[in-house]
Amino acid sequence: MRIFLVTTLLLIVSHILPAQVLVDVESGLVFQGYNRVQVPNPGGTRFDLNRDFDLQGPVIPLRIRVNYTFGERHNIAALWAPFSVNYNGSVDFDIDFEGESFPAGSELTNTYVFNSYRLTYRYDIVKSSDWTVGIGFTGKIRDAKIELQATDGASTSKTDLGFVPLLHLYTAYTGGKIMPFVEADGLAGGPGRAFDIFAGGSLPISPWMSIKAGYRLLEGGADIEEVYNFTILHYAVVGLQFRW
């Protein structure tokens with residue numbers, strides 16, 4: 001709903017002010033590294049969802065972003081990036097998680113959800129025929145859940161809904177037919193960190209559509225009293241970009 005409202009607003013404004021709208025639809029494959037969890041922290045059992053259990057895949061992501069450029073150098077973007085992955089299996093140690101105990105050998109089905117909603121403002125400090133370099137900030141809403149469920153019916157979950165401010169950086173070479181670019185949201189400090197970095201390129205296949213491919217890295221988490229969770233995701237990215 002949030003992404004729909006923001007997208008609708010940007011499209012309406014684009015018909016009022018001279019501007020360019022870019023709709024970026026991205027998918028591909030996700031390969032997960034570590035996904036370390038402990039709830040509560042301390043008190044719970046620390047384990048790795050990805051390395052201690054069997055990933056149910058393949059994991060095919062979806063990300064949709066609407067970018068509105070106005071006044072040549074100003075950009076506003078709204079992103080909807082849901083993410084959910086399931087694991088199953090058993091481990092040879094007891095797991096205490098969010099007030100529930102799962103004995104060693106219990107067959108577990110685990111769900112990890114990390115949905116991201118973002119609104120970004122970027123100002124292009126360099127805007128030439130060959131280069132675009134921009135800097136800005138992103139407001140991110142994370143909607144996360146970790147759930148453990150045993151075959152005997154015992155289950156528990158930890159949810160987290162919160163706001164994260166991030167620095168936004170963008171660099172693109174626009175002097176050729178293929179446009180390589182790097183784009184990143186990130187911030188580290190205190191009890192946690194968050195990084196979302198894309199490196200790749202786009203190739204126009206019509207005046208209004210381009211194909212996109214590259215690599216995306218997501219890494220981060222938090223080490224606070226309620227929860228310890230750090231994860232890393234590697235994306236092989238393909239997508240389409242629509243402009244008008």
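In this text, all values refer to a predicted model and were calculated from it rather than measured experimentally. (Residues numbered from 1 in each chain as written. Predicted model: local features only at pLDDT ≥ 70, side-chain atom pairs only at ≥ 80, totals over all residues. Heavy atoms only, no water.)

## Examining empty space enclosed by the protein
- What the rule picks out here adds up to one cavity of 30 Å³ or more.
- Computed from the structure, the largest cavity encloses a volume of approximately 250 Å³.
- Secondary structure elements with two or more residues in the lining of the largest cavity: strand S1 (19-38), strand S4 (63-70), strand S5 (74-81), strand S9 (108-127), strand S12 (179-189), strand S13 (192-206) and strand S14 (209-223).
- Its residues assigned to classes, the lining of the largest cavity comprises six nonpolar, five polar and eleven charged. (1 Å grid on protein atoms, 1.4 Å probe; cavity = no way out; pocket = protein on both sides within 12 Å on 5 of 7 lines; lining within 4 Å. Points joined across faces, edges and corners; volume = space filled by probe spheres on them. Helix = DSSP H or I, 4+ residues; strand = E, 2+ residues; numbered from the N terminus. Nonpolar A, V, L, I, M, F, W, Y, C, P; charged D, E, K, R; others polar.)

## Description of the side chain of Arg122
- Summarising the element assignment, Arg122 is placed in strand S9.
- Within polar-contact distance, the side chain of Arg122 engages the side chain of Asp124 at 2.7 Å.
- With sequence-adjacent residues up to four places away left out, Arg122 is seen in contact with Arg73, His74, Asn75, Thr132, Gly134, Ile135, Gly136, His168, Tyr170 and Glu183. (Polar contact = N/O pair within 3.5 Å; in protein donor to acceptor, adjacent residues only side chain to side chain. Contact = heavy atoms within 4.5 Å.)

## Let's talk about the packing of aromatic side chains
- One pass over the full model with this rule turns up nine aromatic pairs.
- Arranged with centres 6.0 Å apart and planes meeting at 45°, the rings of Tyr121 and Phe137 form a pair that is tilted. Of this pair, Tyr121 sits in strand S9 while Phe137 is found in strand S10 (residues 131-150), placing the two residues 16 residues apart along the sequence.
- Classification of Tyr121 by relative accessible area gives partly exposed; the value is 25%. (Phe/Tyr/Trp six-rings, centres within 6.5 Å; stacked < 30°, edge-to-face > 60°. Buried < 20%, exposed > 50% of the residue type's maximum accessible area, 1.4 Å probe, protein only.)

## Some details on the nonpolar core
- By size, the foremost hydrophobic cluster in this structure holds 29 residues, and its most contacted members are Phe47, Phe83, Ile95, Phe97 and Leu148.
- Not counting chain neighbours up to four residues away, the residues in contact with Leu148 comprise Phe47, Ile95, Phe97, Phe102, Leu108, Thr109, Asn110, Ala154, Ser155 and Thr156. (Core = buried A, V, L, I, M, F, W, Y, C linked by side-chain atoms within 4.5 Å.)

## So, the environment of Leu62
- When you line up the elements, Leu62 lands in the loop between strand S3 (54-56) and S4.
- Taking the C-alpha atoms as reference points, Leu62 and Pro82, 20 residues apart in sequence, are found 6.7 Å from one another.
- Not counting chain neighbours up to four residues away, the residues in contact with Leu62 comprise Val25, Glu26, Trp80, Ala81 and Pro82.

## A short note on unusual backbone geometry
- Cis rather than trans, the peptide bond between Asn41 and Pro42 has omega equal to 0°.
- A cis geometry characterises the amide bond from Gly57 onward to Pro58, with omega recorded as 0°.
- Relative to the assigned elements, Pro58 resides in the loop between S3 and S4.
- Unusually for a residue other than glycine, Glu72 sits at a positive phi of about 70°.
- Residue placement: Glu72 occurs in the loop between S4 and S5.

## A closer look at the layout of surface pockets
- Within this model, the largest pocket holds a volume of roughly 830 Å³.
- Lining of the largest pocket is provided by 42 residues; of these, Phe114, Arg142, Arg193, Gly220 and Gly221 occupy positions nearest its centre.
- Those elements that provide at least two residues to the lining of the largest pocket are S9, S10, strand S11 (155-173), S12, S13, S14 and strand S15 (228-243).
- Estimated volume of the second largest pocket: approximately 370 Å³.
- Taken together, 20 residues form the lining of the second largest pocket, with Gln20, Arg122, Lys127, Tyr170 and Arg243 sitting closest to its centre.
- Secondary-structure elements contributing two or more residues to the lining of the second largest pocket are S1, S4, S9, S11, S12 and S15.
- Tallied by class, the residues present in the lining of the second largest pocket amount to six nonpolar, seven polar and seven charged.

None of the figures reported here should be taken as evidence of function without further support.
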